[in-house]
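Descriptive analysis of the structure
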Amino acid sequence: METKPVLASVLTPGMIHCVIVSYGIDQRDDPPGSALRIDTRSLRNPPEDPAVRERMLHSNGLNAEVRDYVLNTLGAMEIVERAVDQTTALLLADSLPGGDPMRRTDVHVACGGGRHRSVALAEEIGSQLRELGVGVEVEHRHIGRPILTH
């Protein structure tokens, strides 16, 4: 069974079905509410890599170079694929008889500071869900916060 036709048959076009929020765990200001939580802290962090630190430190996951760096990290695309699969499963479960077809599925994507890894993966997850016909909104809770130093 292919996911796209199944999703297209149960989702209302033009509606937001999924809200993805990127954030930094170390900011101590997690987004509220229940959500599918994705932790990206296992991935390479551009500010911690001496080879790219100066170029990427004050940028974020919306920058193409940062996004490519993060998404090409070993394991990144597996995290994205798993998040897309889990999100579509939750959306389909809500659409089963007895489910609530108006409910949305929230996804919270975390990294340390909320500027690089979580942003890049949140955008990629959102992009792949849109390709499946899911109405997606992506928010970046801590993208504008100062770089954290430990």
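What this report covers is the structure whose coordinates are included nearby. None of the values given here were measured: they were computed from a predicted structure.

1. Some points on helix α3 (residues 64-71)
- Of the positions making up α3, those classed as buried are Val66, Tyr69, Val70 and Leu71.
- Between the side-chain oxygen of the N-cap and the backbone nitrogen of Glu65 there are 2.8 Å, and the N-cap of α3 in question is Asn63.

2. Some thoughts on the sheet that holds strand β4 (residues 136-140)
- The four strands lie next to each other as β2-β3-β1-β4, forming an open sheet whose pairing is parallel. Among the strands making up the open sheet, the edge pair consists of β2 (36-39) and β4. Each adjacent strand pair in this sheet contributes to an overall mean axis angle of 20 degrees, direction not counted.
- As judged from the five bridges shared by strand β1 (residues 18-24) and β4, these two strands associate in the parallel manner. Among the inter-strand pairings, Val21 is bridged to a residue of β4, identified as Glu139.

3. Things to note about the pattern of salt bridges
- For the coordinates displayed, the defined rule picks out six salt bridges.
- A salt bridge links Arg145 to Asp29, with the shortest nitrogen-to-oxygen separation between them at 2.9 Å. On the criterion of sequence distance, the pair formed by Arg145 in the segment after β4 and Asp29 in the loop between β1 and β2 is long-range, its members being 116 residues apart.
- Relative accessible area serves as the criterion here: at 25%, Asp29 is assigned to the partly exposed category.
- Taking the shortest distance from any N to any O, the salt bridge between Glu65 and Arg55 comes out at 2.7 Å. In this pair, Glu65 is assigned in helix α3 and Arg55 in helix α2 (residues 53-56), connecting sequence segments ten residues apart.
- Given a relative accessible area of 34%, Glu65 falls into the partly exposed group.

Definitions and cut-offs
Residues numbered from 1 in each chain as written. Predicted model: local features only at pLDDT ≥ 70, side-chain atom pairs only at ≥ 80, totals over all residues. Heavy atoms only, no water. Buried < 20%, exposed > 50% of the residue type's maximum accessible area, 1.4 Å probe, protein only. Helix = DSSP H or I, 4+ residues; strand = E, 2+ residues; numbered from the N terminus. Polar contact = N/O pair within 3.5 Å; in protein donor to acceptor, adjacent residues only side chain to side chain. Pairing = 2+ DSSP bridges. Axes fitted to C-alpha atoms, helices over the stretch in contact; angles between N-to-C directions. Salt bridge = Lys/Arg side-chain N within 4 Å of Asp/Glu carboxyl O.

Nothing here speaks to function; it is all geometry.
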